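For reference, the chains in residue letters:
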Amino acid sequence: RCTPDFKGRRAFRLRCMSRCGTEKVRIISQLEFEIEGLGQTYLDPYGFITGGLYDYSRGDVGNGNERGVATPSDGNGLFGYHGIDFGPHGSDEICLPIFALNAEPYRIRIYEGMADEEGSELIGDVIYQKPSIWNVYQEETYRLNKRLKGVTSISFVTEKKIHLKGFSFRQNYAFEKLNATECDAIYGDSFQREPEQIRGIGNNVTIEFAQMDFGTAGAGQITVCGNTPLEKNTIILSFSCDGHEERRILEFAKGQSEQRFTIGRLSGKGTVRFVFLPGSNFDFSWFRFSE
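Values in this document were obtained by computation on a predicted structure and should not be read as measured data. (Residues numbered from 1 in each chain as written. Predicted model: local features only at pLDDT ≥ 70, side-chain atom pairs only at ≥ 80, totals over all residues. Heavy atoms only, no water.)

Take the environment of serine 267 next. Tracing the backbone shows serine 267 in the loop between β24 (258-266) and β25 (269-276). Counting along the chain gives 208 residues from serine 267 to glycine 59, while the straight-line C-alpha distance between them is 48 Å. The contact partners of serine 267, leaving out residues within four places of it in the chain, are Phe214, Gly215, Thr216, Gly218, Phe239 and Cys241. (Helix = DSSP H or I, 4+ residues; strand = E, 2+ residues; numbered from the N terminus. Contact = heavy atoms within 4.5 Å.)

Spelled out as structure tokens, the structure:
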């Protein structure tokens, strides 16, 4: 277990086990180490964060099965994780592998921040209920009330004893409603980036969204929200995947802020770019792909 202190130091324990020529472990030994100068590191929510990596707790919270975390059976348990990097687009879908002692409903509250600290926000109040299989984790996926972005922290509050193996987030924002300002890159001659939209988009501006995964089924339509004083503003929709680029032409007409376009079928994982030609005059609010 490696515990960051956010000052460039990492403390961890190296454990060694020996069977001594038998079928069972006979000796367990461990040493404590500290490393300095590695720089800041963060937890990756799109891989898998082991439950035992919690760095904040209240109540009788302890180690669970398979490096998980176990919560108390006699009241509220609180445990949390700092330094999770969700990236610029983030996710609102969490997967929890849980082992519970019976088939009763188990309430789990999920917070951004530590639940007992000022400024924390309840983002999920969910119920886990499955027929119990002894010492077997069973996954359940939940949609949270908000999409977590950037570097932040989350915590869990339980009311009964469970074992949580850990958690992971699903990163597939390709079919989410995305604000233009959430782009990974923007470059060109003329634009003004504001909190809720990109205004005054003019000559040769490109707005880029990376890691857009449309899967095998693909996307067949796109809704664009914006405004233009022109009779129509041409937008080139570019999708680059595995070295191949596909282009679609979107003719955004004056007078209607939300317009839907049929774009054929875009599939796979790649980079989406909105390319604005010379003569453009466009205020871009958001877009959403759909099947």
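A surface patch of nonpolar side chains, amounting to about 290 Å² of accessible area, comprises Leu14, Leu31 and Phe33. Mapped onto the elements, phenylalanine 33 comes out in strand β3 (residues 27-36). (Patch = residues over 30% accessible without salt bridge, like charges linked within 9 Å, V, L, I, M, F, W, Y side chains within 5 Å. Areas by Shrake-Rupley, 256 points an atom, 1.4 Å probe, with all protein chains shown as cover. Salt bridge = Lys/Arg side-chain N within 4 Å of Asp/Glu carboxyl O.)

To continue, consider the sheet that holds strand β5 (residues 56-58). The strand order across the open sheet formed by 5 strands is β5-β8-β13-β10-β11, and the pairing between neighbours is antiparallel. Unpaired on one side and paired on the other, β5 and β11 (121-128) mark the two borders of the sheet. The sheet shows a mean angle of 20 degrees between the axes of neighbouring strands, taken without regard to direction. The pairing of strand β10 (residues 106-112) with β11 spans 7 bridges and is classified as antiparallel. Of the residues in β11, the one forming a bridge with isoleucine 110 is glycine 124. (Pairing = 2+ DSSP bridges. Axes fitted to C-alpha atoms, helices over the stretch in contact; angles between N-to-C directions.)

What follows covers the sheet that holds strand β23 (residues 244-253). The pairing of strands in a sheet happens through backbone hydrogen bonds and is either parallel or antiparallel. Read across the open sheet, the 5 strands follow the order β17-β20-β25-β22-β23; overall the sheet is antiparallel. Each edge of the sheet is formed by a strand with only one pairing partner; in this case those strands are β17 (185-187) and β23. Averaged over all neighbouring strand pairs, the angle between strand axes comes to 20 degrees, with direction disregarded. Relative to β23, strand β22 (residues 232-241) runs antiparallel, the two being bridged by 10 bridges. Each residue of the ladder has a partner; that of asparagine 233, found in β23, is phenylalanine 252.

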